[in-house]
Structure formats: C-alpha cells, structure tokens
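As a plain string of letters, each chain reads:
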Amino acid sequence: MRKLFGTFIIIAISLSLIITFSIKQVNAEEVNGGSVHGNISTIITFNQSQSTEVKDWFSESIEGAVNPELEPALEEAKQEGDVVKAEAIESAINEIQDSGSDSLFTQEGTATTLKANLPDVFVSFGNISTKTDANGNFDLNGIPEGEYLVTISKDGSVIYSQPVDIKQGDQQIDLELNVSGDAFYEGAEQMIEGNTTVEETAQASTTYYSTKPIGSYVGSKLGKMKIIANNNIVNCNKADDSISDSQYFPANGSDCSVAIARGAAYASNPIVFFYWKKNLVCYIESIQSAANMLGDNAGQNVYCNAKKKSDGHYNCSWFRDHSESLHTH
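Residues numbered from 1 in each chain as written. Predicted model: local features only at pLDDT ≥ 70, side-chain atom pairs only at ≥ 80, totals over all residues. Heavy atoms only, no water.

**Quick look at the sheet that holds strand 13 (residues 217–218)**
Part 1 of the reasoning: Pairing is antiparallel across the open sheet formed by three strands, whose spatial order is 13-14-15. Of all the strands in the sheet, the pair left with one neighbour each is strand 13 and strand 15 (233–234).
Part 2 of the reasoning: Pairing analysis gives two bridges linking strand 13 to strand 14 (residues 225–229), with the strands arranged antiparallel. In the strand pairing of strand 14, Y217 is matched with K226. (Pairing = 2+ DSSP bridges. Helix = DSSP H or I, 4+ residues; strand = E, 2+ residues; numbered from the N terminus.)

This is how it looks when you write it as structure tokens:
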C-alpha cells in the first residue's frame, strides 16, 4: 500500500496535514470588518516512479479523445450551425494536438507537478459564502473581524475546512491543497468507501456482466466496485479490459479514471479543456478522498456517493456517454 502524506502550512506554522493557507494583509486601513480576496488551487507532486505513468494516463484520457470524441463533436456542432461551439472545439483540438497533455505538468527535479485551480467551488467563512470563478478566484466583503471556520465545498459536500482569523482591513487568502502523488492515487482508489446500498432502479442502456445482488462487490483490492442499484449500477466504474484490472485503478483507462484526468485538465485550463467541464466533480472528489483518508475534515463523496442525482445519474461513467452499469472496455 502506498504511503500517505501531505503538508499544511498556515502563516509560518507547519502541521502534518494536506493544505496550505497563504494569508497576507494587503491593506492596513482600519475598517469595520474585513474584505477577503483569494484563490483556491490544488498542487499534486508525483515522484519519479509515478511521473511516466501519470503522464501516460492523462495522454490517453485527453489526447486519445481527439479522434473518437472531439472531432465527431466538432462535426455535429458544424451541422447544427453552432459556430461558437464549433470554433471552441476546433481551438481545443488544435491546442491538444500542438501541446498535448504534457503542458499540464511542470518538472521540478525528479518530481512532476500538476497544478490546477479549483473553479465553481464554494468558499465559506462561517455562514458567509461565495463561489470561485473559472480561475479559482473569490472575493468576499464585509466579514466581521474574528475567527471563522473556512470551508471549501462542492455540491454541499465538504472538501476541506479549517479555522482561520479574519482581521480588519483587506486580506489576500490563497488556499493551496498540496497533495503527494501517493495520497492522490490512494485517495482515488478509495472513492468507493462510505457508500451505502440504494434501493432504487436506474436506467442502463447496456449490461455487460450478469446481474449481481445490490450491495455486493466486484473487482479486487482497492479498486473493487459496489453494486448500488438495479441493472448492475456501480458506485464508480473502475474496471478496464476485465474486472480484475480494477486493482490497477486509477491509471487504468476506466470511465472513472478518464473522468478524473479530464476534470484535472479542465481545472488546469478551462478555456482549452472546456469540453470536459462536467468531469470537474470527479477530480474534486479524488482530492477530497485523499483528504478524507488523512482525516482532514472532508465530507462525503461529491458525486460517487451511491445517491441518485437530480439528473438521474449515480456516478461518473455517464460523463463519457456510457451506461453506469458494470462494464469494461
């Protein structure tokens, strides 16, 4: 099992957790309450032995989609006369073909780093909240001076929370979720944990494996999957080629694996990778799962939580226009 670790720094105090708060007073003028501006981002550092695998994983998930997915989507947009969408997809294809997924990574010695802002997440100081924009930035004004529990959340599910002091004046508070490659991998593998059986029926277009009882598990090791509803609906499709391959999750080409990589790409560059905006929840969940495993005040899974969503779906498989039933490629 991979070793788990993370880093948390608040001002000048180091603790053995997973996040960095960078707090700076940018305006000393005394006012009644504080104005807070900042950015939320994730930084994942992969060691030398993980670098090749993670780059291959992202390449297959992103560059490998140009011909089977993006080009047909481009033709469809052209046929529908949607000029704006067609131009955006064409631009994305050109950028991916020119730069590839390697543009997402930075080499630092023997380590490979992936940095991504977190768009469309809630930042709350007590009961005062706002959403981050497409670049992970946020602004809040008129926060009374005092200690608050700052919370990062998505769709009502907590990603991270920590007490922080708000002073009078204007402050820049940047939140960096620093995750080791080990913690990221292990957290992604554990995205199945905490699920409960759901007695509901979901519509599945195809069933590739014989029906299994709700509540039963398939696959092996940390990548095993739980049958959570009728028609072999699984909590998160982690199998590729065969069910036994699920032990190699997340870098195995399964639906959930691809969704995580594409969500990370969108978070890194929402303009180029706009087509995979809906995959963002899967990437956020992988980060959240790492925080959960380290006991870092995270909440239940963002999406793969065994609950039927308002859109009728259970897990990330549908993001690839696939059935959510147990299947392999």
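**Things to note about the state of the cysteines**
Part 1 of the reasoning: Counted under the stated rule, the structure contains two disulfides.
Part 2 of the reasoning: Sulfur-sulfur distance for the disulfide between C236 and C256 comes to 2.4 Å. Residues C236 and C256 are joined by a disulfide whose S-S torsion is about 70 degrees; by sign, that bridge is right-handed. Taken together, the residues span a long stretch of sequence, with C236 in the loop between strand 15 and helix 5 (255–268) and C256 in helix 5 at a distance of 20 residues. (Disulfide = S-S within 2.5 Å.)

**Looking at the nonpolar core**
Part 1 of the reasoning: Membership of the largest hydrophobic core comes to 71 residues, with the highest contact counts inside it found for I40, F58, F125, F184, I260, F273 and Y283.
Part 2 of the reasoning: In terms of residue count, helix 5 provides more of this core than any other element does, eight residues in total.
Part 3 of the reasoning: Those residues within four positions of F184 in sequence are excluded, and the remaining contacts are I44, F46, W57, V179, I260, Y283, S286 and I287. (Core = buried A, V, L, I, M, F, W, Y, C linked by side-chain atoms within 4.5 Å. Buried < 20%, exposed > 50% of the residue type's maximum accessible area, 1.4 Å probe, protein only. Contact = heavy atoms within 4.5 Å.)

**Section: helix 3 (residues 83–99)**
Part 1 of the reasoning: Compared with the 24 Å implied by 1.5 Å per residue over 17 residues, the 24 Å span of helix 3 between its first and last C-alpha is a close match.
Part 2 of the reasoning: The inward-facing, buried residues of helix 3 abut helix 1 (48–62) and helix 2 (66–79).
Part 3 of the reasoning: Positive backbone phi, at 70 degrees, marks G100, one or two positions downstream of helix 3. (Expected span 1.5 Å × (residues − 1).)

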